[in-house]
Amino acid sequence: MDIDLSGQVVAVTGASSGIGEATALACAHAGAAVALGARRGERIEGLAQQIMAEGGRAIAIPTDVGEEAQASAFVARAHAELGRLDVLVNNAGVMLLGPIENAPTEEWRRMIHANVFGVLYCSHAALGLMRAQGSGHIVNVSSVAGRVARAGSGVYNLTKFGVGAFSESLRQEGVAIGVRVTTIEPGAVATELPGHNRPQVLEQMAKRFAGVTPLDAEDIARAILYAISQPPNVSINEVLVRPSGQGA
Ligand SMILES: NC(=O)c1ccc[n+]([C@@H]2O[C@H](COP(=O)([O-])OP(=O)(O)OC[C@H]3O[C@@H](n4cnc5c(N)ncnc54)[C@H](OP(=O)(O)O)[C@@H]3O)[C@@H](O)[C@H]2O)c1
């Protein structure tokens, strides 16, 4: 069955690459108006131009989601300029791996900034608008790393386990105001995400994932569209998607 999101407004953070870009495009192709948030303004502006050239509706809003004022402004502008806010996809994130001992602690702050505060601030800004509208859906992109902890992934695990716990709490809070919440937990996906790691970490990751064909960003976008296109009485709480060849 074709998914039809016409008349809906979807705001996607981290829309400048990978899963966020694929999700925004898939939502636009399904008829939604989309608000694109990320720090790299030229990337989201290019994506907005592409969507509009294809006959869709999109706005690019340069945003650092870990800065409360910017996160709030992203959500408020999406709602004000596109007329409503049906779905917020909290997808922006960074993954900086390696042992705790001797880790550059700046990497921890970058992860907590985007993966934790980004999700909190955007959700906080969206809830009141969704309550007033009488409906809404918040999708939080966590990870298999939000379900399974590993040595060398401690702070990324902390942020993604945190997203899982926050999502479940938010889901329960949202029941009373008509807001659904979904946690999406991807396994390995071929995106820019690992590229920000130190060379020795990249070597370890290459060994761990040798022989695993990663998912494409579009595979996760399909899971997100599945969750947000259900009838109002159906709440998809959690979707864990690994590549077929990925064990743990
Ligand atoms: N790829 C995987 O294997 C995998 C597996 C499990 C979960 N995930 C999760 O999926 C999500 C998307 O990652 P991806 O794989 O698509 O990687 P990606 O291609 O690197 O995309 C990450 C996105 O997050 C944005 N971002 C990072 N920090 C930000 C900030 N402070 N403010 C606003 N935007 C920020 C980036 O945009 P700018 O740099 O332009 O700001 C980019 O658009 C992340 O939450 C990640 O943890 C990925």
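Every chain begins its residue count from 1, and numbering advances along the sequence as written. Per-residue local features of the predicted model are confined to residues with pLDDT of at least 70, and side-chain atom pairs are confined, for both listing and counting, to 80 or more; whole-chain, interface and lining totals are unaffected and use all residues.

Here the focus is helix H4 (residues 105–133). For H4, with 29 residues, the first-to-last C-alpha span of 41 Å sits near the 42 Å given by 1.5 Å per residue. A maximum bend of about 35° is found in H4 at phenylalanine 117. C-beta atoms are placed from the backbone for every residue, and two residues are taken to be in contact when these atoms lie within 7 Å. In DSSP terms, a helix is any run of H or I states spanning at least four residues, a strand is any run of E spanning at least two, and both are numbered starting from the N terminus. Tucked into the core, H4 has its buried residues touching strand E1 (9–13), helix H3 (68–82), strand E4 (87–90), strand E5 (136–141), helix H5 (154–175) and strand E6 (179–186). Glycine 134 sits one or two residues past H4 and shows a positive phi near 90°. Every helix has an expected span of 1.5 Å times one less than the residues it contains. The angle between axes fitted to the seven-residue stretch ending at a residue and the seven-residue stretch beginning at it gives the bend at that residue.

On to the site of the ligand, then. By definition, a residue lies near a molecule or strand provided its backbone-derived C-beta atom is within 6 Å of it. Near the ligand lie 32 residues; those nearest to it are Gly14, Gly18, Arg39, Arg40 and Gly93. Where the shell around the ligand is concerned, the elements lending two or more residues are helix H1 (18–29) and H4. Residue polarity follows a fixed list, in which Ala, Val, Leu, Ile, Met, Phe, Trp, Tyr, Cys and Pro are nonpolar, Asp, Glu, Lys and Arg are charged, and the others, Gly among them, are polar. Here the shell around the ligand is composed, by residue class, of 13 nonpolar, 14 polar and 5 charged.

Turning next to the packing of H1 against helix H7 (residues 217–228). At a minimum axis distance of 8 Å, the contact between H1 and H7 shows a crossing angle of 55°. By the angle class used here, H1 and H7 are oblique. H7 is crossed by H1, and the crossing has right-handed handedness. Packed against H1, whose contacting residues are Gly18, Ile19, Glu21, Ala22, Thr23, Ala26 and Cys27, the element H7 presents Ala217, Glu218, Ile220, Ala221, Ile224 and Leu225 at the interface. Partitioning the contact of H1 with H7 into residue classes produces 9 nonpolar, 2 polar and 2 charged. Helix axes are fitted only over the stretch in contact, all axes being lines through C-alpha atoms; the angle between N-to-C directions runs from 0 to 180 degrees. By the definition adopted for this analysis, an angle is roughly parallel if under 35 degrees, roughly antiparallel if over 145, roughly perpendicular if from 65 to 115, and oblique otherwise. By definition, turning the near helix anticlockwise from the far helix through less than a right angle yields a left-handed crossing, and turning it clockwise yields a right-handed one.

Looking now at the packing of H3 against H4. Axis separation between H3 and H4 bottoms out at 8 Å; the angle between their running directions is 40°. Remark: the crossing between H3 and H4 carries right-handed chirality. When H3 is examined against H4, the residues Glu68, Ala71, Ser72, Phe74, Val75, Ala76 and His79 are found in contact with a partner set consisting of Gly118, Tyr121, Cys122, Ala125, Ala126 and Leu129. For the contact of H3 with H4, the class distribution of residues is 9 nonpolar, 3 polar and 1 charged.

The next thing to look at is the sheet that holds strand E7 (residues 238–241). Paired strands, as defined in this entry, are two strands with at least two bridges between them according to DSSP. Reading across the sheet, the 7 strands line up as E3-E2-E1-E4-E5-E6-E7 and stay open at both edges, with parallel pairing between neighbours. Across the chains shown, the open sheet's two edge strands, defined by having one partner strand only, are strand E3 (58–62) and E7. Strand-to-strand twist across the sheet, computed as the mean angle between neighbouring axes with direction ignored, equals 15°. Pairing of E6 with E7, which is carried by 4 bridges, proceeds in the parallel orientation. Paired with isoleucine 184 across the bridge in E7 is valine 239. Sheet contacts for helix H2 (residues 41–53): strand E2 (33–38) and E3; angle to E3, the most-contacted strand, approximately 175°.

Below, the discussion takes up the nonpolar core. Core analysis: the biggest nonpolar cluster contains 70 residues, and Val10, Val34, Leu36, Val75 and Cys122 have the highest contact counts within it. Counting residues per element, this core draws most heavily on H4, which supplies 8 residues. With near-sequence residues (within four places) excluded, valine 75 lies in contact with Ala11, Leu85, Leu88, Cys122, Ala125 and Ala126. One nonpolar core equals one set of buried Ala, Val, Leu, Ile, Met, Phe, Trp, Tyr and Cys residues connected by C-beta atoms within 7 Å. To assign burial, the other C-beta atoms lying within 10 Å of each residue's own C-beta are counted, with C-beta atoms placed from the backbone; 20 or more indicates buried, 12 or fewer indicates exposed, and intermediate counts indicate partly exposed.

Within E5, 6 of the 6 residues are buried, which leaves the element mostly enclosed by the surrounding structure. As paired strands, E4 and E5 are joined by 4 bridges and run parallel to one another. Bridging from a neighbouring strand, asparagine 90 pairs with asparagine 140 of E5. Handedness of the crossover joining E4 and E5 through H4 is recorded here as right-handed. If you view a crossover with the strands going away from you and the path from the first strand over the helix to the second runs clockwise, you call it right-handed. Crossover handedness for the path E5 to H5 to E6: right-handed.

Here the focus is unusual backbone geometry. Not every positive phi belongs to a glycine, and asparagine 102 is a case in point at roughly 65°. Within the secondary structure, asparagine 102 sits in the loop between E4 and H4. According to the C-beta neighbour criterion, asparagine 102 is exposed, with 7 such atoms within 10 Å.

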